[in-house]
Amino acid sequence: MYIQDQLREIRAAIAAAEARAGRAAGSVSLLAVSKTFPAEDVQQAYDDGQRLFGENRLQEAMEKMPALPPDCRWHLIGPLQRNKVRKALEQGLELIEAVDSLRLAETISRIAGELGCTARILLEVNIDAEPTKHGFRPEELEEIWPQLTALPSLEIRGLMCIPAPAPTPEGSRPAFRALRLLAEQLRARGPLPLPELSMGMSHDFPIAVEEGATIVRVGSAIFGKRSYPAPPPSA
Ligand SMILES: *Cc1c(COP(=O)(O)O)cnc(C)c1O
């Protein structure tokens, strides 16, 4: 019952944050991050009504997806190598969240074209400009925006970020706000509506909701402490 209790608490916390921020109930999707947890745990969440799941490694996603009911929807939230793009697109993922370079975006666009589909992606932004981290720097994104938005077979749905670790949840707020403002600027330039902002994890998702997240990615607060090491989110 642990997972179902946790899920209910998190849904309530999301609803409370939506209300505090004056946002419509249900405007935020809860992505249950199931990386490192077995399919049985995912099934427990499913049985409590959860349908949206996130994995950060393609291989692990491919092993888990067939073990779960077909109405589960899956996001890839970790880095994707260009030589795995075809495989990723063949899995029927709903969203590839961590596209972090123009080259990767170009590859996804080209292969989606070959497969006759449109790939839905988010662009990962290195919002704190950490030197070692994945993601577009904000000014880089502004610079290559015309090239990115011209790519065919690609639907850029919005932005995602993994802020630098902060000692308190409140410490993530400036990064979340910066991501929202960046999305607003890019929206104003056109031509994309950019409806999604994926930000907030177990320790800071209520703050992310207050700052405009439409997807929060919550793992350990639902499934418990990860018992074997996963690559860090930015690896
Ligand atoms: C693992 C992971 C999460 C979830 O982290 P928790 O702290 O367990 O909620 C969110 N986003 C990404 C990209 C991750 O890799």
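Above: the structure in question.
The following paragraphs examine the structure supplied in this document.

Criteria and thresholds
- Residues numbered from 1 in each chain as written.
- Predicted model: local features only at pLDDT ≥ 70, side-chain atom pairs only at ≥ 80, totals over all residues.
- Heavy atoms only, no water.
- Near = heavy atom within 4 Å.
- Polar contact = N/O pair within 3.5 Å; in protein donor to acceptor, adjacent residues only side chain to side chain.
- Areas by Shrake-Rupley, 256 points an atom, 1.4 Å probe, with all protein chains shown as cover.
- Nonpolar A, V, L, I, M, F, W, Y, C, P; charged D, E, K, R; others polar.
- Helix = DSSP H or I, 4+ residues; strand = E, 2+ residues; numbered from the N terminus.
- Buried < 20%, exposed > 50% of the residue type's maximum accessible area, 1.4 Å probe, protein only.
- Salt bridge = Lys/Arg side-chain N within 4 Å of Asp/Glu carboxyl O.

## Describing the site of the ligand
Taken together, 13 residues form the shell around the ligand, and within it Lys-35, Ser-202, Gly-219, Ser-220 and Arg-226 come nearest. The contact in question runs from an oxygen atom of the ligand to an N or O atom on the side chain of Lys-35, over 2.7 Å. Within the side chain of Arg-217, an N or O atom sits 2.8 Å from a nitrogen atom of the ligand. Burial of the ligand by the protein amounts to 96% of the accessible area it has alone, namely 390 Å². Partitioning the shell around the ligand into residue classes produces 6 nonpolar, 4 polar and 3 charged.

## Here's the deal with the environment of Arg-103
Relative to the helices and strands, Arg-103 is located in helix α5 (residues 102-115). Using a relative accessible area of 53% as the deciding quantity, one classes Arg-103 as exposed. Linking Arg-103 and Thr-149, residues 46 residues apart in sequence, is a C-alpha distance of 13 Å.

## Concerning the pattern of salt bridges
In the structure shown here, the tally under the stated rule is 22 salt bridges. Two residues, Arg-110 and Glu-114, come together in a salt bridge whose shortest N-O distance is 3.3 Å. Here the residue Arg-110 and the residue Glu-114 both occupy positions in helix α5, the gap between them amounting to 4 residues, near one helical turn. Accessibility expressed as a relative area gives 48% for Arg-110, which makes it partly exposed. For Glu-130, the salt bridge identified is with Lys-133, shortest N-O distance 2.4 Å. On the basis of relative accessibility, which here comes to 14%, the residue Lys-133 falls in the buried class. Sharing partners across several salt bridges, the network here consists of Arg-20, Glu-170, Arg-173, Arg-177, Arg-180, Glu-184, Glu-210 and Glu-211.

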